[in-house]
Amino acid sequence: MSDMTNPDDPKSGLNALAEAAKQAPGRGLPPVHLWNPEHCGEIDILIRRDGVWMHEGSPIGRKELVRLFSTVLRKDPDGYYLVTPVEKMKIRVEDLPFRAVSIGREGEDLIFVTDVGDEVRAGEADPIVVETDPTTGEPAPRVHVRRGLWARIARSVFYELVEMAEEVDGRLVVRSGGQTFSLGAVG
C-alpha cells in the first residue's frame, strides 16, 4: 500500500484530497465523474459497515473532513475511489458508503438525509431498494444517493418507512417521486 499521507507534503494524500474537495463551488459536488486521473494506489481509508470512516485504523473524527471526502468519492467497476483532478486512490468499503439516518416528507415525496449531509428525494433516479436475506429473512434496505453510490437505510428509518407504508396486493409499499417502492411482503 502506498504512503499517500505525508503530513509534510500539502499536495499529497489526505491534504490533496481535502484541498480538491474544497474546490467544489458552494454546496455543489465536484464533477468526479468527469475526472480521469491516473490510479495512484491505495490509501488506508475504510468506511465501516456502521458508517464510520477510518484512516490507518483510527476513526476520522472531524465531520467536515468526512464530508469533504464523501464529495470526491466515486464507485468504479472495480471498487471505490477518492478522486481529484490529479489523483485516484482506492479505498475500502465494508457495506455501502453512506447511511440514511433520517427521513421526512415534502408533499408526496420522501426525503432522506445521509450521515454525510446529502439530501435524497426518492424517485426514479434515486430508488429505494429492499433486498431480503434468503436465510434470515432480514431486510437490507438502501436508497440511491448519486452516480452508483448508495446509502444503507438505518433500522430506525426503515421502521419509519414501514409506518408510512400501505398494503397493496400483500406487499407494503411507499410512494415518492411518482414511483412506488416495495418494502416487502406483509406478514
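Residues numbered from 1 in each chain as written. Predicted model: local features only at pLDDT ≥ 70, side-chain atom pairs only at ≥ 80, totals over all residues. Heavy atoms only, no water.

### Thoughts on the environment of Val157
(1) Moving on: As for its placement among the helices and strands, Val157 is situated in helix H3 (residues 155-164).
(2) Moving on: Sequence spacing of Val157 and Phe112 is 45 residues, and the spatial spacing of their C-alpha atoms is 9.0 Å. (Helix = DSSP H or I, 4+ residues; strand = E, 2+ residues; numbered from the N terminus.)

### Looking at the sheet that holds strand E9 (residues 119-121)
(1) Moving on: In spatial order, the strands read E9-E8-E7-E12-E11-E10; together these six strands make up an open sheet with mixed pairing. Each edge of the open sheet carries a strand with a single partner, namely E9 and strand E10 (128-132). Strand-to-strand, the axes of this sheet are offset by a mean angle of 40 degrees, without reference to chain direction.
(2) Moving on: For strand E7 (residues 98-106) and strand E12 (residues 149-153), the ladder comprises three bridges, and the chain directions are parallel. When the bridges of E12 are listed, Arg99 appears paired with Arg152.
(3) Moving on: Set on the sheet, H3 makes contact with E7, strand E8 (109-114), E10, strand E11 (139-146) and E12; between it and E7 the angle comes to about 30 degrees. (Pairing = 2+ DSSP bridges. Axes fitted to C-alpha atoms, helices over the stretch in contact; angles between N-to-C directions. Contact = heavy atoms within 4.5 Å.)

### A look at H3
(1) Moving on: The complete set of buried residues in H3 reads Val157, Phe158 and Leu161. Buried residues in H3, looked at end-on, bunch into an arc of 100 degrees, giving them a common side. Summarising the geometry of H3, the exposed residues directed more than 90 degrees from the buried face are Arg155 and Glu163. (Buried < 20%, exposed > 50% of the residue type's maximum accessible area, 1.4 Å probe, protein only. Arc of directions from axis to C-beta.)

### Thoughts on the nonpolar core
(1) Moving on: Among the nonpolar cores identified, the biggest contains 41 residues, and Trp53, Leu73, Ile91, Phe112, Ile128, Ile153 and Leu161 are the most heavily contacted of them.
(2) Moving on: Ranked by residue count, the leading element in this core is strand E5 (residues 79-83), at four residues.
(3) Moving on: Contact partners of Leu73, with chain neighbours within four places excluded, come to Val32, Ile47, Trp53, Tyr80, Tyr81, Leu82, Ile91, Pro97, Phe98 and Leu149. (Core = buried A, V, L, I, M, F, W, Y, C linked by side-chain atoms within 4.5 Å.)

### Topic: the sheet that holds strand E13 (residues 166-168)
Neighbouring strands of a sheet are bound in pairs by backbone hydrogen bonds; such pairs are parallel or else antiparallel.
(1) Moving on: Taken together, three strands build an open sheet; the order of strands is E13-E14-E15 and the sheet is antiparallel. Single-partner strands in this sheet number two, and they are E13 and strand E15 (179-185). Across the sheet, the mean angle separating the axes of adjacent strands is 45 degrees when strand polarity is ignored.

### Observations regarding the confidence of the model for the protein
(1) Moving on: In the predicted model, the protein carries a mean pLDDT of 87, and the fraction of residues at 70 or more is 86%.
(2) Moving on: Below pLDDT 50 for its whole length, residues 1-12 participates in 27 contacts with residues either more than four positions away or in separate chains. (pLDDT = per-residue confidence, 0-100.)

### What about the environment of Leu34?
(1) Moving on: Here Leu34 is to be found in the loop between helix H1 (13-22) and strand E1 (39-47).
(2) Moving on: Exposure remark for Leu34: the relative accessible area of 58% places this residue in the exposed category.
(3) Moving on: Once the C-alpha coordinates of Leu34 and Pro85 are considered, the two residues, 51 residues apart in sequence, prove to be 8.8 Å apart.

### Thoughts on helix H2 (residues 63-71)
(1) Moving on: For H2, a buried count of seven out of nine residues is recorded, marking the element as mostly surrounded by other parts of the structure.
(2) Moving on: Of the positions making up H2, those classed as buried are Leu65, Val66, Arg67, Leu68, Phe69, Ser70 and Thr71.

### Re the pattern of salt bridges
(1) Moving on: Applying the stated criterion to the full structure yields 13 salt bridges.
(2) Moving on: Several salt bridges converge on common partners, so that one network encompasses Arg49, Asp95 and Arg152. (Salt bridge = Lys/Arg side-chain N within 4 Å of Asp/Glu carboxyl O.)

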